[in-house]
Structure formats: structure tokens, C-alpha cells
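Each chain, written out:
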Amino acid sequence: MSGGTVQRLLFEKDPAFWYETLRSLGHIAYGGADFGEVVTTAGRIVSGDYDSWHDEWLLTADRVATRAHRSLAGGHRVSARDGYLRASNYYRNAEFFLHADPDDPRVEAAYRASVGSFRQAARLLDVEVSPVRIPYEATALPGYFYRAGPGLRPTVLVHNGFDGSAEEMHFVAAAALVERGYHVLSFDGPGQPGARHDHGLVFRPDWEHVVTPVLDFALSRSGVDGSRIALLGNSMGGLLAPRAAAFEQRIAALVALDGVTDMGALVLEQGHSRTEVQHALRNNPVVAGQLAAQAERNPTVRWALGHGPWATGTPSPAEFAARLLDFRLADGVAEQIGCPTLVCSGASDRLFSGQPETLYQRLTCRKTFLEFTDELGAGEHCQAGAARLTMSAVSDWLDHTLSWGGNHV
């Protein structure tokens, strides 16, 4: 261990590559990876080289998918299912760092392969998982409805954050919740992969306008108990989901995994107002140069400034940084949340240090704070690498809050 956090077993000098590797290692818990495949793939990658990252993950994904195809053709459904699940995650990895060039054909190809692999796996799962199109304004949001079993059951709406997909939410939360008897509706909102690829939809801060049509859609499904619908947001979703819950009164329970109050804190400088920083980002060319210099020094900043304009529909890294300042729980929004709320925190999450605590303090509803510690290997952002531990705690809280014992029936 190093300072209590999970030691960087690979990419010691590249926190971005290491975190994404740890993220996949964490997905082993629910079938999204195999240890040997992750480690051998990472061992072939040149640190800091986005092309190398893509090529090696694509190679592994293709190998795993090819084997899954053979298994399916031979009637080996379980082997095929397992292979397709892993391939889906590996294809997601392949295009992860390439969004600075939205026209790069590798992005679309790997994304479609990820979705296709996941949908192949979904057909082979032991529970019914249906791809869905959720009506949204003049278009639709992609997602999946998991039917855990017969009868009226509580349902959890789950979505990812700044860079993750609805398919990845299977490994983050959906599989764990279905095991416990919950119906699950996972979806990609604007700015997230499915909505961005399919319809060009970009992130918006008023996330209640996203969740309300998703909740309406959930209520149209048979077996959904409308009095027990929970909302879980992962990563940046830990800001977006609370924002939605402040205005959508039909949500019966909220999980912020982890809690976030202000995305703009990543770019605000001490002693400067939000308005001043936004103006400088949009009008001062020196600031753009400073961002580029930060990207040269910090691999995480380099990636964020590449992905951010694509996800937010902004024309430059500086404009993206300015737009990020609009994503916050301000003006009494957090205080309007009325449903029971679980705020999670990773002890060593340096990106949003202190923000889960701030969100928890501002809440006026029935609330629970849950810190995941380094000693348990769960202190990273969104508890990467500790999926079983995390979802046991989250699910137990939901069971209690929604008075559900479905995992015992």
C-alpha cells in the first residue's frame, strides 16, 4: 500500500492510465473483466500513448469477442455470455482516450462493438434484460430495463457520470441490484455515450429534465412499484442525480455514488469569482495556453480537456472549462431534496475531496453518509476496485429505506 491507497501496480507515473486499469479490475466482480486479461493488456501498453491504449484493448476485446462467438455457435451459452460481457468492457476501454478527435473512426467503431457485445450478453443473462428507447424531447435516450422477477417490485434508475456508459452500469450497480430483486432501468442521458453517439445530445446541468421522462417511462413498465423508485448516479452522476431529485418529487430514495456539489471546483482558482473565471476562460487567450500547459503536466487534465468538449458540445478546452462551472448544486437546490439520501465518499478521491461532506451537510432530508476507506481498498473515486463491498453497503441501505426484502424471496 502507498499512503493507504491502492498501490499503482501498473502505469506508476500515469494516474489516468492507472485509474482506468483499476476501473476494469473492479469490473471483475460482476463479470466485466478477467484479471489476467487486464494485466497482460496493460503490460503491452506504452504509458501515455493513447494509440497504444486503443490498439491493445481493441486486440484483447476482439480476441474475447471471437471466442464468445465460437462459444455461442457451439451452444455454450454461459461461456458466450461471459465473453460478451468482458468484450463489451474492453471495447469501452479501447475508445476511452480518443474523444479529442470526434471524427476518429476508431471511436465509433469501438463504441458500437461495446454496445453490440453487451446486447449479445444481455440475451444470455438469467434475467430478462431489454434494450429500451426512452422518449426524450424530440428524440430518445438509450437504456436497458432489467426485470428481476414477477410481481410488483421497487425499481432503481441508474446512470453514469462524465465518461461512463449505460452498459458499464451493469458492472457498477445494475447486476448487484438485480441479484437483490430490484428491477433496474439504466440509461444514458445527454452527454453520455449512447445519447451523444446516437443523437449528438450534450450534457445539460438541469438534469431533472432528463430524469422526469425516464421516470415516466419506468412507470409505464409492468411490475414497477411507483411508490418505491430510487435514483442512483455514479461519479458526476453524484451531482446530476441530486439535482434531479431536488425537482422530481416521485423519487423515493437517492444514492449519490459519490456525492458532488460543484464540477467547477476543478477549474476555480482561489480568490477569483466564478464569473471572473468564466470570462477569462472565454476571452483571454493566455488562459487557454495555461490549460494546455496543465495538460502537458497532468495526464488526467490532458484526458479531461480532450473528452470534455466532445461531451459538452463546446468548441475548445477553454470553453469546456467555462461550461463546467455551470454544473453545481447552488441556490438552495440541495436543500430542496426531500427523499432519503445516501451520500457516498471515497477517502482518497482527490478529484472531489470534501464535496461529499458538503453535499451531506447541506441536505435537510433524512440522510446517511457513508465513507469508504483506504484500509478496505475502497477509497478511490467511486470505490474503483471494490464493487462487491460498495454495492453490499448501498443495497443494504436501499433495502432498509424502501422496506424491501426481495433478495430473500
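Residues numbered from 1 in each chain as written. Predicted model: local features only at pLDDT ≥ 70, side-chain atom pairs only at ≥ 80, totals over all residues. Heavy atoms only, no water.

(A) Quick peek at the nonpolar core. One finds L141, L157 and L185 to be the most contacted residues of the largest nonpolar core, which totals 89 residues. Sequence-distant contacts of L157, defined by excluding residues within four places in its chain, comprise L185, F187, V214, L215, A218, I229, A230, L231 and L232. Grouped together as the second largest cluster of nonpolar side chains are 48 residues, L125, V172, V184 and A252 included. (Core = buried A, V, L, I, M, F, W, Y, C linked by side-chain atoms within 4.5 Å. Buried < 20%, exposed > 50% of the residue type's maximum accessible area, 1.4 Å probe, protein only. Contact = heavy atoms within 4.5 Å.)

(B) Examining helix 3 (residues 50–73) more closely. Here helix 3 is 24 residues long and its end C-alpha atoms lie 34 Å apart, about the 34 Å a rise of 1.5 Å per residue gives. Here helix 3 has its buried residues at Y50, S52, W53, H54, E56, W57, T60, A61, V64, A65, A68 and S71. In this structure, the buried residues of helix 3 make contact with helix 1 (15–26), helix 2 (35–44), helix 4 (77–94), helix 5 (105–122) and helix 12 (299–312). Backbone nitrogen of D51 and a side-chain oxygen of the N-cap are separated by 3.0 Å at the start of helix 3; the cap is D49. Within two residues after helix 3, G75 carries a phi angle of roughly 85 degrees, on the positive side. (Helix = DSSP H or I, 4+ residues; strand = E, 2+ residues; numbered from the N terminus. Expected span 1.5 Å × (residues − 1). Polar contact = N/O pair within 3.5 Å; in protein donor to acceptor, adjacent residues only side chain to side chain.)

(C) Quick look at the layout of surface pockets. Of the pockets and cavities examined, the second largest pocket occupies roughly 380 Å³. Lining the second largest pocket are 20 residues, with L125, V127, H170, A175 and E179 sitting closest to its centre. Looking at the lining of the second largest pocket element by element, the count peaks at four residues for helix 6 (residues 169–179). (1 Å grid on protein atoms, 1.4 Å probe; cavity = no way out; pocket = protein on both sides within 12 Å on 5 of 7 lines; lining within 4 Å. Points joined across faces, edges and corners; volume = space filled by probe spheres on them.)

(D) Quick look at the environment of P131. Here P131 shows up in strand 1 (residues 128–136). The sequence separation of P131 and F187 amounts to 56 residues, and the corresponding C-alpha distance is 9.7 Å. Dropping the residues within four chain positions of it, P131 is found in contact with R119, G143 and Y144.

(E) Representation of the pairing of strand 5 (residues 224–234) in the model. Counting buried positions along strand 5 yields nine of 11 residues, so the element is predominantly enclosed. Relative to strand 5, strand 3 (residues 153–159) runs parallel, the two sharing six bridges. Opposite V156, over in strand 5, you have A230 as the bridge partner. In this sheet, strand 6 (residues 253–257) lies alongside strand 5 in parallel orientation, the contact comprising five bridges. Directly across from L232, in strand 6, lies its bridge partner V255. Following the backbone out of strand 5, through helix 9 (residues 237–247) and into the adjacent parallel strand 6, one traces a crossover that is right-handed. (Pairing = 2+ DSSP bridges. Right-handed = clockwise from strand over helix to strand, strands pointing away.)

(F) Spotlight on the sheet that holds strand 8 (residues 367–372). Strand order in the open sheet formed by eight strands is 1-2-4-3-5-6-7-8, with mixed pairing between adjacent strands. Because the sheet does not close on itself, it has two edges, and the strands there are strand 1 and strand 8. Direction aside, the axes of adjacent strands within the sheet are offset by 20 degrees on average. As judged from the four bridges shared by strand 2 (residues 139–147) and strand 4 (residues 183–187), these two strands associate in the antiparallel manner. (Axes fitted to C-alpha atoms, helices over the stretch in contact; angles between N-to-C directions.)

(G) Molecular detail of the environment of H69. Among the secondary structure elements, H69 is positioned in helix 3. Residue H69 is classed as partly exposed on the basis of its relative accessible area of 42%.

(H) Region of the structure containing empty space enclosed by the protein. Counted according to the given criterion, the structure contains one cavity of 30 Å³ or more. Put simply, the largest cavity is a space of about 90 Å³. Every residue along the wall of the largest cavity is listed here: R92, E95, F96, H99, Y111, S114, V115, D163, G164, S165, E167 and P193. Here the lining of the largest cavity gets three residues from one element, more than from any other, and that element is helix 5. Its residues placed into classes, the lining of the largest cavity shows four nonpolar, four polar and four charged. (Nonpolar A, V, L, I, M, F, W, Y, C, P; charged D, E, K, R; others polar.)

By themselves these figures say nothing about function.
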